[in-house]
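Per-entry structural report
Here's the letter readout for the chains.
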Amino acid sequence: MRKRVAIPIYSFGPGGAERVVSILLEELGKRYDITLVLMNDNIFYRIPPGVDIYFLERSRPFEAGIIKLLKLPWLAWKYRRFCKRKKIDLTLSFMNRPNYIAVLAKLLGLGHPVIISERGTPGSYYDDASAYSVVSRFLICKLYPLSDMIVCNSYGARWDLNRNFGIELSRIEVIYNPFDLKRIEKMAAERYPRDDEPFVWVSVGRLDRKKNFEEMIELFSLAAGKEDFLWIIGEGIDRERIAKKIEECGVSGRVKLLGRKENPFRYLAAADIFLFASTTEGFPNVLVEALACSLPVVSSDCLSGPREILGFSSDYDIVLEEVKKVEYAILFPAGEKEMMREAMEEARRDSQWREKMRSVAARRARDFDKGEIVKHFEELIERFIHE
């Protein structure tokens, strides 16, 4: 008799957490009966045959925070009722609101183990005095410890939950994000032609402030060669402002906003350097994807993920204060403009370093292949599902 596992997540849009869940649906579905529980009808990733879908609600985009808060008890009760009817054996939830709902449902008598998954560093997301941040910090402090286990996708996120929310380290397990490397390699083989672009930098990410594209563009105009190009792949609410920054910096002909691409890997495979400037992350998937495409990487050392992926100390009490060549990249302190410029100039100047990185990058990416990572999720599920 196959065990039944429910995976609640807010939506199935084109985000990093959603991509992880899309892989887990495919792989865990070979062993368990999986139900994907959604709170929004935005579906970007393919849902494998045999996976059931249940809409806990169909929320409106940009719903007010107070409405989201007030609905939590009702959604928890509704989720509990669904799980009882479906005879679910274990919940594995992703992202804040589904996590809150799953733990509240447990308090209402859900009757099975609840594993929640934190995909970022909430200490950096909720670091102001706004009502939204205060409530979010309260809910994390009070509800997360009541789950059976918390999964983080980096040791930096684990450090954050312990340092900023007082959650015991023994309650937190780290499992890195899984990647379908065979698929990435196959898609990267469709290399994008770049006949008139002699040297190309590339970056991928949502167009918003935390990805720091405006500063990236400004420094590109100063630090890159005058015949260099920068491709930016992604969409987001700040596209218009970023386009204006491109004009202000006088690089309209050399910085291209390519939008969202079904196959970003063909662009990564065709570029010369991957540039990453985020000020905060959980586990930046794009860094592993860049490595998988054999790209040299210049990255901020933001909290969290880059230093773990790229081969620097995982001790987050150590603060990087200079540009540093690490095992698989050049790192610079997040938010330090002059050091980002220095890192870019060093990467552009050192062709021998770039050649070395191209020879080792894909090897590092293999450490995140889905086969090994999914095994860790299965071991965790088995630990609790039979207790």
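Parameters at a glance
- Residues numbered from 1 in each chain as written.
- Predicted model: local features only at pLDDT ≥ 70, side-chain atom pairs only at ≥ 80, totals over all residues.
- Heavy atoms only, no water.
- Helix = DSSP H or I, 4+ residues; strand = E, 2+ residues; numbered from the N terminus.
- Expected span 1.5 Å × (residues − 1).
- Buried < 20%, exposed > 50% of the residue type's maximum accessible area, 1.4 Å probe, protein only.
- Arc of directions from axis to C-beta.
- Contact = heavy atoms within 4.5 Å.
- Pairing = 2+ DSSP bridges.
- Right-handed = clockwise from strand over helix to strand, strands pointing away.
- Patch = residues over 30% accessible without salt bridge, like charges linked within 9 Å, V, L, I, M, F, W, Y side chains within 5 Å.
- Areas by Shrake-Rupley, 256 points an atom, 1.4 Å probe, with all protein chains shown as cover.
- Salt bridge = Lys/Arg side-chain N within 4 Å of Asp/Glu carboxyl O.
- Disulfide = S-S within 2.5 Å.
- Phe/Tyr/Trp six-rings, centres within 6.5 Å; stacked < 30°, edge-to-face > 60°.
- Lys NZ or Arg CZ within 6 Å of the ring centre and 35° of its normal.
- Axes fitted to C-alpha atoms, helices over the stretch in contact; angles between N-to-C directions.
- Parallel < 35°, antiparallel > 145°, perpendicular 65-115°, else oblique.
- Left-handed = near helix turned anticlockwise from the far one by under 90°.
- Lys, Arg positive; Asp, Glu negative; His and termini not counted.
- Charge placed at Lys NZ, Arg CZ, Asp CG, Glu CD.

1. With respect to helix 13 (residues 337-349)
With 13 residues, helix 13 ought to run about 18 Å at 1.5 Å a step, and its terminal C-alpha atoms sit 18 Å apart, in line with that. Buried residues of helix 13: Met-340, Ala-343, Met-344 and Ala-347, and no others. For helix 13, the buried positions fall inside an angular range of 100° around the axis, keeping them on one side. Opposite the buried face of helix 13, by more than 90 degrees, sit the exposed residues Glu-338 and Arg-349. Buried residues along helix 13 sit in contact with strand 8 (199-204), helix 8 (213-223), strand 11 (273-276), strand 12 (297-300), strand 14 (329-332) and helix 14 (351-365).

2. So, the pairing of strand 9 (residues 228-233)
Most of strand 9 is tucked away, with 6 of its 6 residues classed as buried. Side chains of strand 9 alternate between two faces, with Asp-228, Leu-230 and Ile-232 and Phe-229, Trp-231 and Ile-233 buried alike. Here 6 bridges tie strand 8 to strand 9, and the two strands are oriented parallel to one another. Note on strand 9: the bridge partner recorded for Val-200 is Phe-229. Handedness of the strand 8-helix 8-strand 9 crossover: right-handed.

3. Let's talk about a nonpolar patch on the surface
On the surface, Ile-66, Ile-67, Leu-69, Leu-70 and Val-135 cluster together into a nonpolar patch covering about 400 Å² of accessible area. Ranked by residues supplied to the nonpolar patch, first place goes to helix 2 (residues 65-86) with 4 residues. In this structure, Ile-67 sits in helix 2. Given the relative accessible area of 36%, Ile-67 is considered partly exposed.

4. A word on the state of the cysteines
By the definition in use, this model includes 0 disulfides. In this structure Cys-152 is a free cysteine whose sulfur lies 14 Å from that of Cys-141, the closest cysteine sulfur available. Residue classification places Cys-152 among the buried residues on the basis of a relative accessible area of 0%. Summary of cysteine pairing: Cys-302 is not part of a disulfide, and the nearest cysteine sulfur, belonging to Cys-152, is at 15 Å.

5. Digging into the packing of aromatic side chains
All told, the structure shown has 18 aromatic pairs when counted by the stated rule. Ring centres of Tyr-126 and Tyr-132 lie 5.9 Å apart, and the angle between their planes is 70°; on these two criteria the pair is classed as edge-to-face. Judged by its relative accessible area of 7%, Tyr-126 is buried. Plain terms: the ring middles of Tyr-155 and Tyr-176 are 6.3 Å apart, the flat faces sit at 75° to each other, and that makes the pair edge-to-face. Residue Tyr-155 is located in helix 6 (residues 155-165), and its partner Tyr-176 is located in the loop between strand 7 (172-174) and helix 7 (181-188); the two are separated by 21 residues in the primary sequence. Judged by relative accessible area, Tyr-155 falls into the partly exposed class, the value being 39%. One aromatic cluster in this structure is built from Tyr-155, Tyr-176, Phe-179, Phe-283 and Phe-368. Over the ring of Phe-179 we find Arg-19; its NZ or CZ atom is 4.3 Å from the centre of that ring.

6. Focus on the pattern of salt bridges
Enumeration over the complete set of coordinates arrives at 31 salt bridges. The partner of Glu-346 in a salt bridge is Lys-325, with the nearest N and O atoms 2.8 Å apart. Of the two residues, Glu-346 is situated in helix 13 and Lys-325 in strand 13 (residues 324-326); the sequence distance between them amounts to 21 residues. Taking relative accessible area as the criterion, Lys-325 reaches 39% and is therefore assigned partly exposed.

7. Things to note about helix 8
Taken across its 11 residues, helix 8 has 8 buried, putting it largely inside the fold. Turning to helix 8, its buried residues number three or more, namely Phe-213, Glu-215, Met-216, Ile-217, Leu-219, Phe-220, Ser-221 and Ala-223.

8. Structural notes on the packing of helix 8 against helix 9 (residues 239-248)
At a closest axis distance of 10 Å, the pairing of helix 8 and helix 9 adopts a crossing angle of 15°. Classified by the interaxial angle, the pair formed by helix 8 and helix 9 is roughly parallel. By crossing handedness, the relation of helix 8 to helix 9 is classed as right-handed. Facing helix 8, whose interface residues are Phe-213, Glu-214, Ile-217 and Glu-218, helix 9 presents Arg-241, Ile-242, Lys-245 and Ile-246.

9. Digging into the sheet that holds strand 13
Pairing is mixed across the open sheet formed by 7 strands, whose spatial order is 10-9-8-11-12-14-13. Only two strands of the sheet have a single partner each, and these edge strands are strand 10 (255-259) and strand 13. Neighbour to neighbour, the strand axes of the sheet diverge by 25° on average, direction disregarded. Sitting on the sheet, helix 14 touches strand 8, strand 11, strand 12, strand 13 and strand 14, and the angle it makes with strand 14 is about 115°.

10. Structural notes on a negative patch on the surface
Judged by side-chain charge, Glu-321, Glu-322, Glu-338 and Glu-342 come together as a negatively charged surface patch. By relative accessible area, Glu-322 is classed as partly exposed at 48%.

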